[in-house]
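Structure assessment
Below, each chain spelled out in residue letters.
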Amino acid sequence: RKEVEQDPGPFNVPEGATVAFNCTYSNSASQSFFWYRQDCRKEPKLLMSVYSSGNEDGRFTAQLNRASQYISLLIRDSKLSDSATYLCVVNRAAGNKLTFGGGTRVLVKP
Amino acid sequence: DVKVTQSSRYLVKRTGEKVFLECVQDMDHENMFWYRQDPGLGLRLIYFSYDVKMKEKGDIPEGYSVSREKKERFSLILESASTNQTSMYLCASSFGSGTVQETQYFGPGTRLLVL
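Let me sum up the structure you'll find in this document.

1. A closer look at the pattern of salt bridges
Residues and elements named next belong to chain B.
- In the structure shown here, the tally under the stated rule is eleven salt bridges over all chains.
- Across the salt bridge formed by aspartate 28 and lysine 71, the nearest N and O atoms sit 3.0 Å from each other. Within this pair, whereas aspartate 28 is found in the loop between β3 (19–25) and β4 (31–38), its partner lysine 71 is found in the loop between β7 (64–70) and β8 (73–78), the two being separated by 43 residues in sequence.
- According to the relative accessible area criterion, aspartate 28 is exposed, its value standing at 52%.
- Judged by relative accessible area, which is 22%, lysine 71 ranks as partly exposed.
- Residues participating in the shared-partner salt-bridge network are Asp28, Glu30 and Lys71.

Structure below.
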């Protein structure tokens, strides 16, 4: 089993719609969780950290469910510019090493 | 703004050649990392460094070595390039405060093709 698993997609989303997707992780000792965004042929960039109580940043909402060991990302009012691959990232229990999921591809269409 | 730069965007080498990939960060970060990214496999950690002259193996160190002689520079070395090392190589850095929640900042990546 992979340490961090994501549905690779693609999720085809009409502009203005809401899309949500999850990521599961296997290490129950993980403490930090992130969503990174990666555009085609570009480097990953931090989208948002995920806090235990859930958090929101504009149109993006992230949730953490420790009991079921998954995190989620919801994008409201999707824009064409939201088209990207979203990487779920989990820290390992020891040290500052991160484990990256394979990414979920989102395509927003007019 | 944090800036992480990599010496080449694209590189073509022949099997058996020694390859150097350079990474420089300008934010005085303690931690630096080298990953490779392949379709279907995501980012995998090759080596990382928490301090000058310090290095630790990641998940897939075989066939690679690293050097960190200065704080701002972290080099990845392919001693004898092989075709299965064709990949996108990404360098990253983070502050190193000791807290668990640390953002890693990535360079633009180097696409290496080994023929």
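Don't stop here, the text continues.
2. Overview of the interface of chain B and chain A
- Facing the 23 residues of chain B at the interface are 22 residues of chain A.
- When the two sides are added together, the surface that chain B and chain A hide from each other amounts to roughly 1,900 Å², 47% of it contributed by carbon and sulfur.
- Here chain B and chain A share zero salt bridges between them.
- Where chain B touches chain A, the interface holds two residue pairs in polar contact (both at pLDDT 80 or more).

3. Describing the pairing of β3 of chain B
Residue and element names in this part refer to chain B.
- Going residue by residue along β3, you find Val19, Leu21, Cys23 and Gln25 tucked away on one face and Phe20, Glu22 and Val24 left uncovered on the opposite face.
- Relative to β3, strand β1 (residues 4–6) runs antiparallel, the two being bridged by three bridges. When the bridges of β3 are listed, valine 4 appears paired with glutamine 25.
- Here β3 runs beside β8; their pairing, made up of six bridges, is antiparallel. Note that in β8 the partner of valine 24 across the bridge is arginine 73.

Scoring rules and cut-offs
- Residues numbered from 1 in each chain as written.
- Chains lettered and ligands numbered in written order.
- Predicted model: local features only at pLDDT ≥ 70, side-chain atom pairs only at ≥ 80, totals over all residues.
- Heavy atoms only, no water.
- Salt bridge = Lys/Arg side-chain N within 4 Å of Asp/Glu carboxyl O.
- Helix = DSSP H or I, 4+ residues; strand = E, 2+ residues; numbered from the N terminus.
- Buried < 20%, exposed > 50% of the residue type's maximum accessible area, 1.4 Å probe, protein only.
- Contact = heavy atoms within 4.5 Å.
- Buried area = accessible area lost by both parts, 1.4 Å probe.
- Polar contact = N/O pair within 3.5 Å; in protein donor to acceptor, adjacent residues only side chain to side chain.
- Pairing = 2+ DSSP bridges.

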